[in-house]
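Residues per chain are reported as follows:
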Amino acid sequence: MAEMVRILSYNVRSLRDDRAALARVVRGCAPDVVCVQEAPRFFGWQRAASAMAARFGLQMVAGGANASGNLLLAGERVRVAAAETLFLRHQRGLHLRGMALAAMSVGSSAFTVASTHLSLDLAQRREQVGEVLGHLRGFAERAQTSARILCGDFNSHPDTAEWGRLTEQLADAWQVAPAGEEYTSTAARPYQRLDAVFVSRDVTVVRAGVPTDIVKQADMAVASDHRPVLAVLTL
């Protein structure tokens, strides 16, 4: 039987903003899974990440410092079969990037979900697209899950070559079933889309976008420097 799953992708800027507003935004979206970018990753990061998850009413699954700030959280409906964290290939002088992946299920529907945050450097970012897609595909094959969900801050726009490469293999959920608003950055004055949820072709997108019809823009404006992307999917 097909299951409906709510996936939230959110760059939380290392919890440097209004944490109460952040919790209201996340709880208002009622997510089954949250793919976090820029989660706490320095001294005491595990305690900080665990406290964040508790404020959201969720549990930590994988990630944090060992995925360069990418973190997966899940609700009580979700069962986790396997998880993995990794660093992307590093280039001296540039920020170390990573990825957190997990094989999950809701009811009888299984899927692989991943959170990543690509480089600000154009050349490195283009290389990372292929690397991230390869890791996602390989993990899903090992976990024997055909449904794949890739969330993140891609530091690029929908008209770029790297975005085009992503959509060669995965569907941009906003393009399939847009709901709410498109722009994710900046949270206070949105003018561009850097954040997205991509899904494999066997996933049905019910709705995707910045959930302005569900949570208050006033909260999103102070919760982080990015706005979240909520994707409601049928698996």
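Residues numbered from 1 in each chain as written. Predicted model: local features only at pLDDT ≥ 70, side-chain atom pairs only at ≥ 80, totals over all residues. Heavy atoms only, no water.

Another aspect to go through is the overall build of the protein. Each helix and strand in the protein was counted, giving six helices and twelve strands. Over its C-alpha trace the protein gives a radius of gyration of 16 Å, about what one expects of a compact globule, namely 18 Å for 235 residues. When contacts within the protein are restricted to residue pairs at least 6 apart in sequence, long-range pairs at least 24 apart make up 70% of them. Taken as a whole, the protein presents about 9,800 Å² of accessible surface, with 50% of it coming from carbon and sulfur. Averaging the positions of the 26 positive and the 23 negative side-chain charges in the protein gives two centres separated by 4 Å. (Helix = DSSP H or I, 4+ residues; strand = E, 2+ residues; numbered from the N terminus. Rg over C-alpha atoms; globule rule 2.2 N^0.38 Å. Contact = heavy atoms within 4.5 Å. Areas by Shrake-Rupley, 256 points an atom, 1.4 Å probe, with all protein chains shown as cover. Lys, Arg positive; Asp, Glu negative; His and termini not counted. Charge placed at Lys NZ, Arg CZ, Asp CG, Glu CD.)

With mixed pairing, the six strands of this open sheet are ordered in space as 3-4-2-1-12-11. If you trace the sheet from one side to the other, it starts and ends with strand 3 (59-64) and strand 11 (204-209), each paired once. Averaged over all adjacent pairs, the angle separating strand axes in this sheet is 15 degrees, with direction ignored. Pairing of strand 1 (residues 4-11) with strand 2 (residues 33-37), which is carried by five bridges, proceeds in the parallel orientation. The residue bridging Ser9 from the neighbouring strand is Cys35, located in strand 2. The strands touched by helix 1 (residues 19-29) within the sheet are strand 1, strand 2 and strand 12 (229-234), with strand 1 carrying the most contacts at an inclination of about 160 degrees. (Pairing = 2+ DSSP bridges. Axes fitted to C-alpha atoms, helices over the stretch in contact; angles between N-to-C directions.)

What follows concerns the nonpolar core. In this structure, Ile7, Phe111 and Ile149 are the most contacted members of the largest nonpolar core, which totals 29 residues. It is strand 6 (residues 98-106) that provides the largest number of residues to this core, a total of four residues. Excluding residues that lie within four positions of it along the chain, Ile149 makes contacts with Ile7, Phe111, Thr112, Val113, Ala114, Leu136, Val197, Phe198, Val199 and Leu233. By size, the runner-up hydrophobic cluster in this structure holds 27 residues, among which are Val36, Val210, Val215 and Val232. (Core = buried A, V, L, I, M, F, W, Y, C linked by side-chain atoms within 4.5 Å. Buried < 20%, exposed > 50% of the residue type's maximum accessible area, 1.4 Å probe, protein only.)

A few words on the packing of aromatic side chains. Applying the stated rule across the entire model yields three aromatic pairs. When the ring of Phe154 is compared with that of Trp163, the centres are 6.1 Å apart and the planes differ by 70 degrees; the resulting orientation is edge-to-face. Judged by its relative accessible area of 2%, Trp163 is buried. Ring geometry for Trp163 versus Phe198: centroids 5.4 Å apart, planes at 65 degrees, classification edge-to-face. (Phe/Tyr/Trp six-rings, centres within 6.5 Å; stacked < 30°, edge-to-face > 60°.)

Reading across the sheet, the six strands line up as 5-6-7-8-10-9 and stay open at both edges, with mixed pairing between neighbours. Strands with a single pairing partner mark the edges of an open sheet, and in this sheet they are strand 5 (78-87) and strand 9 (171-172). Of the pairings in the sheet, the one linking strand 6 to strand 7 (residues 109-117) comprises eight bridges and is antiparallel in character. Following the sheet pairing, Met104 is matched in strand 7 by Phe111. Seen against the sheet, helix 3 (residues 122-143) touches strand 5, strand 6, strand 7 and strand 8 (148-153) and runs at an angle of roughly 35 degrees to strand 6.

Moving on, we come to the side chain of Arg193. One can find Arg193 in the loop between helix 5 (173-176) and strand 10 (195-199). A polar atom in the side chain of Arg193 sits 2.9 Å from the side chain of Asp172. Engagement of the side chain of Arg193 in a polar contact is seen with the side chain of Glu182, the distance being 3.2 Å. Filtering out sequence-adjacent residues up to four positions away, Arg193 remains in contact with Ser156, His157, Pro158, Trp163, Asp172, Trp174, Gln175, Glu182, Tyr183 and Thr184. (Polar contact = N/O pair within 3.5 Å; in protein donor to acceptor, adjacent residues only side chain to side chain.)

Quick look at the packing of helix 3 against helix 4 (residues 161-169) now. At a minimum axis separation of 9 Å, helix 3 and helix 4 run at an interaxial angle of 15 degrees. When the interaxial angle is binned, helix 3 and helix 4 end up roughly parallel. In this structure, the crossing between helix 3 and helix 4 has a hand that is right-handed. Taking contact as the criterion, the partners of Leu122, Arg125, Arg126, Val129, Gly130, Leu133 and Arg137 in helix 3 are, on helix 4, Ala161, Glu162, Arg165, Leu166 and Gln169. (Parallel < 35°, antiparallel > 145°, perpendicular 65-115°, else oblique. Left-handed = near helix turned anticlockwise from the far one by under 90°.)

To continue, consider the environment of Val36. Among the structural elements, Val36 can be located in strand 2. Note on Val36: relative accessible area 0%, which makes it buried. Here the alpha-carbon distance between Val36 and Leu170, two residues 134 residues apart in the chain, equals 20 Å. Discounting chain neighbours no more than four positions away, the residues touching Val36 are Tyr10, Val12, Met52, Gly69, Asn70, Leu71, Leu73 and Ser115.

Nothing here speaks to function; it is all geometry.
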